[in-house]
Amino acid sequence: LLYEVALICGAMFIHSNLKLPTGVDRWLRWAIVTPDMHRVHHSTDHIEANRNFGFLIPYWDRLFKVYQDQPSTGHEGMEIGQSQWRDRRDQSSWELLIQPRFKP
């Protein structure tokens, strides 16, 4: 039960739009995964999308050398999501329900 609570709270925290002060974020990244750290993983850039997989603890990314400090275009300039699902019709309730499906 404790693990599940930590998992849900961690998921909500790292996927939030919370902007921590730079110094606080830099310090926290050594102990936990922060939203800015994990956001790189959601980039449309394939190189960045294959970085920062960490969920609660940041050690695995550093250990396996997949840690990237910041997105190449900065957090304000980075595009998030999957590039093949950008059309407005792909965002309809029905299309979202039937995903994932192959789309070239």
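Up top is the structure these notes are about.
Computed from a prediction, not measured in an experiment: that's the story for all the values here.

Trainee: Explain the overall build of the protein to me, please; I cannot follow it from the model alone.
Mentor: Across its full length, the protein holds seven helices and zero strands. Helices (α) and strands (β) of the protein occur, in sequence order from the N terminus, as α-α-α-α-α-α-α. For the protein, the spread of C-alpha atoms along the three principal axes comes to 40 × 40 × 25 Å. Of all 104 residues assigned to the protein, the portion counted as buried reaches 28%.

Trainee: Help me understand the side chain of E95, please; the structure alone is not making it clear to me.
Mentor: You can see E95 is positioned in helix 7 (residues 93-98). If sequence neighbours within four positions are ignored, E95 has contacts with R89, D90 and R101.

Trainee: Would you mind going over unusual backbone geometry with me for this structure?
Mentor: Phi is positive for N52, close to 50°, though the residue is something other than glycine. Tracing the chain through its elements places N52 in the loop between helix 4 (46-49) and helix 5 (59-63). Of note, the phi angle at K65 is positive, near 60°, even though the residue is not glycine. Looking at where K65 falls in the secondary structure, it is placed in the loop between helix 5 and helix 6 (74-77).

Trainee: Sorry if this is basic, but what is going on with the environment of D69 here?
Mentor: By the element assignment, D69 lies in the loop between helix 5 and helix 6. For D69, a relative accessible area of 40% puts it in the partly exposed group. Measuring from C-alpha to C-alpha, the distance between D69 and N52 comes to 8.7 Å, with 17 residues separating the pair along the chain.

Trainee: Quick question: what am I supposed to make of a nonpolar patch on the surface here?
Mentor: Nonpolar side chains collect at one region of the surface, where L56, I57, Y59, W60, L63 and F64 lie side by side and expose about 640 Å² of accessible area between them. When you line up the elements, W60 lands in helix 5.

Trainee: Would you take a moment to explain the packing of aromatic side chains for this structure?
Mentor: The geometry of an aromatic ring pair is captured by two quantities: the separation of the ring centres and the angle between the planes. In the structure shown here, the tally under the stated rule is one aromatic pair. Ring centres of W60 and F64 lie 6.1 Å apart, and the angle between their planes is 20°; on these two criteria the pair is classed as stacked. Pair check on accessibility: W60 and F64 agree, each one exposed. Sitting above the plane of the W30 ring, R62 keeps its charged end 3.9 Å from the centroid. Positioned above the aromatic ring of Y67, the side-chain terminus of R62 is 4.1 Å from the ring centre.

The rules behind the values
Residues numbered from 1 in each chain as written. Predicted model: local features only at pLDDT ≥ 70, side-chain atom pairs only at ≥ 80, totals over all residues. Heavy atoms only, no water. Helix = DSSP H or I, 4+ residues; strand = E, 2+ residues; numbered from the N terminus. Buried < 20%, exposed > 50% of the residue type's maximum accessible area, 1.4 Å probe, protein only. Contact = heavy atoms within 4.5 Å. Patch = residues over 30% accessible without salt bridge, like charges linked within 9 Å, V, L, I, M, F, W, Y side chains within 5 Å. Areas by Shrake-Rupley, 256 points an atom, 1.4 Å probe, with all protein chains shown as cover. Salt bridge = Lys/Arg side-chain N within 4 Å of Asp/Glu carboxyl O. Phe/Tyr/Trp six-rings, centres within 6.5 Å; stacked < 30°, edge-to-face > 60°. Lys NZ or Arg CZ within 6 Å of the ring centre and 35° of its normal.

Bear in mind that shape data such as this cannot, by itself, settle questions of function.
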